[in-house]
Number of protein chains: 2
Amino acid sequence: MKNSQVTIKDIAKELGISSSTVSRALKNHPNVSPETKKAVTDLAEKYNYQPNSIALSLRRSKSNTIGVIIPEIVHFFFSTVISGIEDIAYSAGYSVIVSQSNESYDREVIDTFALSKNRVDGILISMSRETTKYDHFETIHKRGLPIVFFDRVCDAINCSKVVVDDFDGAYQVTRHLIQQGFKRIAHLAGPENLILSKHRMDGYKKALKEHSLEFDESIIIRGRAADNETLAKQLTTQLLNSANPPDAMFAINDRAALGVMKAVKEKGLKIPQDFAIAGFSNWEFTAMTDPAITTVDQPGFKMGQEAAKLLIREIEAEKDEVIEPEIKILKTDLIIRGSSVAV
Amino acid sequence: MKNSQVTIKDIAKELGISSSTVSRALKNHPNVSPETKKAVTDLAEKYNYQPNSIALSLRRSKSNTIGVIIPEIVHFFFSTVISGIEDIAYSAGYSVIVSQSNESYDREVIDTFALSKNRVDGILISMSRETTKYDHFETIHKRGLPIVFFDRVCDAINCSKVVVDDFDGAYQVTRHLIQQGFKRIAHLAGPENLILSKHRMDGYKKALKEHSLEFDESIIIRGRAADNETLAKQLTTQLLNSANPPDAMFAINDRAALGVMKAVKEKGLKIPQDFAIAGFSNWEFTAMTDPAITTVDQPGFKMGQEAAKLLIREIEAEKDEVIEPEIKILKTDLIIRGSSVAV
DNA sequence: TTGAAAGCGCTAACAC
DNA sequence: GTGTTAGCGCTTTCAA
C-alpha cells in the first residue's frame, strides 16, 4: 500500500532546485529558463505528477466542488437533473457531491450544513416536501455561499432559480387536445394553495378561451386527487358516468394521469380515440406506462444544466461584482407518442 | 459577500491564547483547564465555528470523500445503487462524488483519474459496457487507492466486488414458474460469452432437472435477442407459433421480457393465466410496465450499501493491516406482483 | 532567472 | 495547562 504521490517538493529535491521554481515551471510562468522548464516537466511526466487538489483548495479557499441536495435520487426526474448538473459541472472543472433529503426537513437542514462545512463552492437544491422553514438556507446564503434553487424553489430566499413554465405547458397541452378535435376537456387540478396548480389551471383556461370553449367547473376535479391515484380514478369514473361526460382530460401530474387512465380503461374506452389523456409529467409513472398519453415533459436535464450554469457563474464572479439573481423559466416539451399502439 | 468563516486563529486571538490550545479545547483534550475549555467552546458557539474540512483533509491526507463511477445516473438500478451508497457513506461521515461514464470507455478512464486527482479516499465503480482494457484501474489500484466493483465487475483486478447471485435467482424464478403449474418453460438467454448468462442458464437448468422436466434446446432463444426488444418479440412469436409451443418464458433481462410480453399479448394470450413471463430485472423497463410479470429483482440499494461498506472498511484499515479482497454475492428477491390486474 | 519565506487552517510532538 | 514549532502541498510576494 504505497500511498506516495509525488509532490513538487520531491521534484525540486531531485533537481536540486527550489519548489517555487518547480511550481512556476509547471504552470508555464514566463520567467523560467527553458532548460529548467524542460527538466521539470520531464520529471513530472516521468513520475506522473498530479497536483494535490486539496492543497490547492486550501490555498485558493475554493474547493471546485458543488453540492446538490435533492429529495430523492431514485426518481427519474431528479436523476435526470443530476445528469444535467454533472454535465455542466464536469466541463467547468467542478466535482458534484450529491446528497438526498429523502423528503425530510431535518435531513435537509443537516445536509445543507454538511455541504457548507465541506466547503463546497455553491449549492443546488430542490426542497423537500416537508420544508416550510427556511432558516438553514438563510444562514448559509447570508454567509455568502451561492445557492440556486430548481423545480421546488424557495420564494423567501433572494437567489437564482430555475423553474418550468407551467402556464405555457398547460396551455400547449390543452391546445393540443383541442386541436385533436376534443371538445369537452376536463381538468384534474392540483392543490389550490400551490402556485404551480394555479399556473397550470390558468394555462388550461387560456387555451379553452382562445378556442371559444367555455370553462365548466363541473368537469374540474379539485382537492387531493392529484396525490392519490385511487381517488383520481374514482372521481374520473364519476365524471365519465355523469350526464354530460368529458371526452378528454388534462391531468396535473403523472400520478393523477395514471388514475385517470385506469378509470378510462375500466370504462372500456379506447385511448386516445374515445378519450384522450394528457398530463404534466416528471416521469414518475406514466412515462413507462402508456404510449397513448400525451405528456408535458419537465425538462430535467436542461434544468440541471441551467441551474449549474447559474451557480457556476455566481461562484466565479469577481469578488466585488454584483450578480443579480436570475429566475430562469424553462419551456416544457410536448411529448406526443405514437398512438398506434393498441390499448 | 462576506466569505469569512471563523478560524481557530480568530478565536485564539480574541481570547489571547494560542491556536493549539483552542484546537485542544475544541476536541476535548484532557490537558485543558475547564475555564479555557468553556471560554473557547462558548466563543466557538457564538461565532458558529466550523472546522475547515479542507485543511483537515490536507493535514490528515484524507478527504473523507468517496468517488462513484456508474454508466449512467438516469437508470433506476444505478440511481438505487447510489442511494444505497449514499446511505452508508453518510452515516460513516463520507461525502459521495458521483460521475457517469455514459457507457464510454474514454470517459471512464478520464473519470477514474479525475477522482484520483481529487484525492478521493476510494472508488466504487460499475464498468461501462465498452470497457475491455483495465489499465486505468490497474494504475490507481497499484497506487494504493482502494477500489470496489459492483454489478459490472472487472475480473482482472484483485479487489473486493459485489455481485448478484445469478445462478440462484434464475433457479428460484424458474422453480416459481414450475410451481405455478407451467410445464414447458422457454428461456430467452443472454450472450454466451457473458459469465452472467451462463450462471442464469445453469440456474434455469437446475430447476428443470429438480422437477424432472427435460431441457429442450428448441425452446431456448440464443443470440442477440437479449439486447433487442424487436428481435425478442419476433423470436418469441416464432416459438408461440411452433408445433409444440412453451407455456412460460424465463427472460434474461427486462428488455427481453418486454419483447416477450408484446409477442404474447399480440398472440392474444392472457398473462399470466395462459402464458407466464418471468425475468431478471434491473428495472429498466418492466418494473413500470406490467404487474403480471414476475421479476428477479437486482437489489440495487443493498448492493450500494454493501459496496460502500467494503470500501470504507478498506479505507479505514490500519496502514499495515492486510485486507483480503472479498467477493460479496447478494441474493436476489423474487418479486411476484398481484396477478389480478387485467392484462 | 531563481530562492527564501510566508501563509491557507489545522494538529501534534516537544518544550516549559 | 499552555505555547512554540513544524509541516500537510501549494502559490506568491519579495529579494537577490
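This write-up is about the structure you can find in this document. Note that the structure is a prediction, hence the values are computed from the model and not measured.

Cut-offs and rules
Sequence order as written defines the numbering, with residues in each chain counted from 1. Both sets of labels track the order of writing: A upward for chains, 1 upward for ligands. This being a predicted model, a pLDDT of at least 70 is required before a residue's local features are given, and a value of 80 or more before pairs of side-chain atoms are given or counted; all residues contribute to the totals for chains, interfaces and linings. Side-chain descriptors were evaluated using all non-hydrogen atoms of the structure, hydrogens and water having been removed beforehand. When DSSP locates at least two bridges between a pair of strands, those strands are taken to pair. Each helix corresponds to a stretch of at least 4 residues labelled H or I by DSSP, and each strand to a stretch of at least 2 residues labelled E; elements are numbered beginning at the N terminus. Residue contacts are counted whenever heavy atoms from the two residues lie within 4.5 Å of one another. Orientation is described by lines fitted to C-alpha atoms, with helices fitted over the stretch in contact, and by angles between N-to-C directions that extend from 0 to 180 degrees. What gets called buried area is simply the loss in accessible area from a 1.4 Å probe that two parts show on being joined, summed for both. Whenever a carboxyl oxygen of Asp or Glu lies within 4 Å of a side-chain nitrogen of Lys or Arg, that contact is scored as a salt bridge. Polar contact criterion, stated in full: a pair of N or O atoms within 3.5 Å, where within protein one must be able to donate a hydrogen and the other to accept it, and residues adjacent in sequence count only if both atoms are side-chain atoms. Polar here means any residue other than Ala, Val, Leu, Ile, Met, Phe, Trp, Tyr, Cys and Pro, which are nonpolar, and Asp, Glu, Lys and Arg, which are charged; Gly is therefore polar. To be near a molecule or strand, a residue needs just one of its heavy atoms within 4 Å of it. Superposing copies: least-squares fit, C-alpha atoms only, residues required to have pLDDT of at least 70 in both. Among buried residues, the Ala, Val, Leu, Ile, Met, Phe, Trp, Tyr and Cys ones that are joined through side-chain atoms within 4.5 Å form a nonpolar core. A 1.4 Å probe rolled over the protein chains alone gives each residue an accessible area, and that area as a share of the maximum for its type sets the label: buried under 20%, exposed over 50%, partly exposed in between. Here a helix's expected span is defined as the number of its residues, less one, multiplied by 1.5 Å. Summarising the geometry, the arc corresponds to the directions from the helix axis toward the C-beta atoms.

**Things to note about the sheet that holds strand β8 (residues 248–251) of chain B**
Residue and element names in this part refer to chain B.
- Taken in spatial order, the six strands of this open sheet run β7-β6-β8-β9-β10-β12, and their pairing is mixed. Each edge of the open sheet is held by one strand with a lone partner, namely β7 (220–221) and β12 (333–335).
- In the packing of helix α9 (residues 195–210) onto the sheet, the strands contacted are β6 (185–188), β7, β8 and β9 (276–281), and the crossing angle to β6 comes to about 175 degrees.
- Helix-sheet contacts for helix α11 (residues 254–266) involve β6, β8 and β9, and the interaxial angle to β9 is about 165 degrees.

**Focus: the interface of chain A and chain B**
- At the interface, 44 residues of chain A touch 44 residues of chain B.
- Summed over both sides, the interface between chain A and chain B buries roughly 4200 Å², with carbon and sulfur atoms accounting for 52% of that surface.
- Seen at the junction of chain A and chain B, the total is two salt bridges.
- As a salt-bridge pair, E86 of chain A and R107 of chain B come within 3.5 Å of each other at their nearest N and O atoms.
- Where chain A packs against chain B, one counts 14 residue pairs in polar contact (both at pLDDT 80 or more).
- When the residues that make up the side of chain A that touches chain B are grouped by side-chain class, the tally is 16 nonpolar, 18 polar and 10 charged.

**Regarding the protein's contact with DNA strand D**
- Of all residues adjacent to DNA strand D, which total 24 residues, the nearest are I8 and Y49 of chain A together with S20, T21 and R24 of chain B.
- Atoms of DNA strand D within 4 Å of the protein: sugar and phosphate make up 61%, bases the balance.
- Taking S18 of chain B, its main chain carries an N or O atom lying 3.0 Å from a phosphate oxygen of DNA strand D.
- Within the contact set of DNA strand D, a phosphate oxygen lies 2.8 Å away from a side-chain nitrogen or oxygen of T36 of chain B.

**Quick look at the sheet that holds strand β10 (residues 294–297) of chain A**
All names here are of chain A.
- Read from one edge of the open sheet, six strands run β7-β6-β8-β9-β10-β12, paired in mixed fashion. Looking along the sheet, the strands with just one partner apiece sit at the ends: β7 (220–221) and β12 (333–335).
- Inspection of the sheet shows β10 paired to β12 by three bridges, in the antiparallel sense. By the bridge assignment for β12, D297 is matched with D333.
- Contacts from helix α9 (residues 195–210) reach β6 (185–188), β7, β8 (248–251) and β9 (276–281) within the one sheet, and its direction differs from that of β6 by about 175 degrees.
- Of the strands in this sheet, β6, β8 and β9 touch helix α11 (residues 254–266), which is tilted by about 165 degrees from β9.

**Digging into the relation of the copies chain A and chain B**
- Once chain A is rotated about the relating axis by 180 degrees and shifted along it by 0.0 Å, it coincides with chain B to within an RMSD of 0.1 Å. What the rotation and shift describe, once combined, is the action of a two-fold rotation axis. By C-alpha distance to the rotation axis, the residue of chain A lying nearest is I97 of chain A, at 2.3 Å.
- When the interface residues of chain A are mapped onto chain B, 100% of them again fall at the interface, so both copies present the same face.

**A short note on the nonpolar core**
- Grouped together as the largest cluster of nonpolar side chains are 92 residues, with contacts concentrated most on I66, L124 and F150 of chain A together with I66, L124 and F150 of chain B.
- Setting aside anything within four residues of it in sequence, one finds F150 of chain B in contact with I70, F78, V81, L124, I125, S126, V162, M303 and A307 of chain B.
- Membership of the second largest hydrophobic core comes to 30 residues, among which are I140 of chain A together with V120, I147 and C159 of chain B.

**Structural notes on the protein's contact with DNA strand C**
- Taken together, the neighbourhood of DNA strand C is formed by 24 residues, with T21 and R24 of chain A together with I8, Y49 and R59 of chain B sitting nearest.
- A share of 67% is what sugar and phosphate atoms reach among the atoms of DNA strand C within 4 Å of the protein.
- T21 of chain A is positioned such that a nitrogen or oxygen atom in its side chain is 2.5 Å from a phosphate oxygen of DNA strand C.
- Here a phosphate oxygen of DNA strand C sits 2.9 Å away from a polar atom, N or O, in the main chain of S33 of chain A.

**Quick notes on the side chain of H136 of chain B**
Residue and element names in this part refer to chain B.
- In this fold, H136 is placed in helix α7 (residues 135–142).
- Residue H136 is classed as buried on the basis of its relative accessible area of 2%.
- If sequence neighbours within four positions are ignored, H136 has contacts with Y105, E108, V109, T112, F113 and T131.

**A look at helix α3 (residues 34–46) of chain B**
Residue and element names in this part refer to chain B.
- The terminal C-alpha atoms of α3, which comprises 13 residues, lie 18 Å apart, in line with the 18 Å expected from a rise of 1.5 Å per residue.
- Every buried residue belonging to α3 is among V40, L43 and A44, and all of these are buried. Buried residues of α3 fall within an arc of 105 degrees about the axis and therefore sit on the same side. Exposed side of α3, more than 90 degrees from the buried face: P34, E35, K38, E45 and K46 are the residues found there.
- Lining the buried residues of α3 we find α1 (8–15) and α2 (19–26).
- Backbone geometry just downstream of α3 places N48 in the positive-phi region, at approximately 55 degrees.

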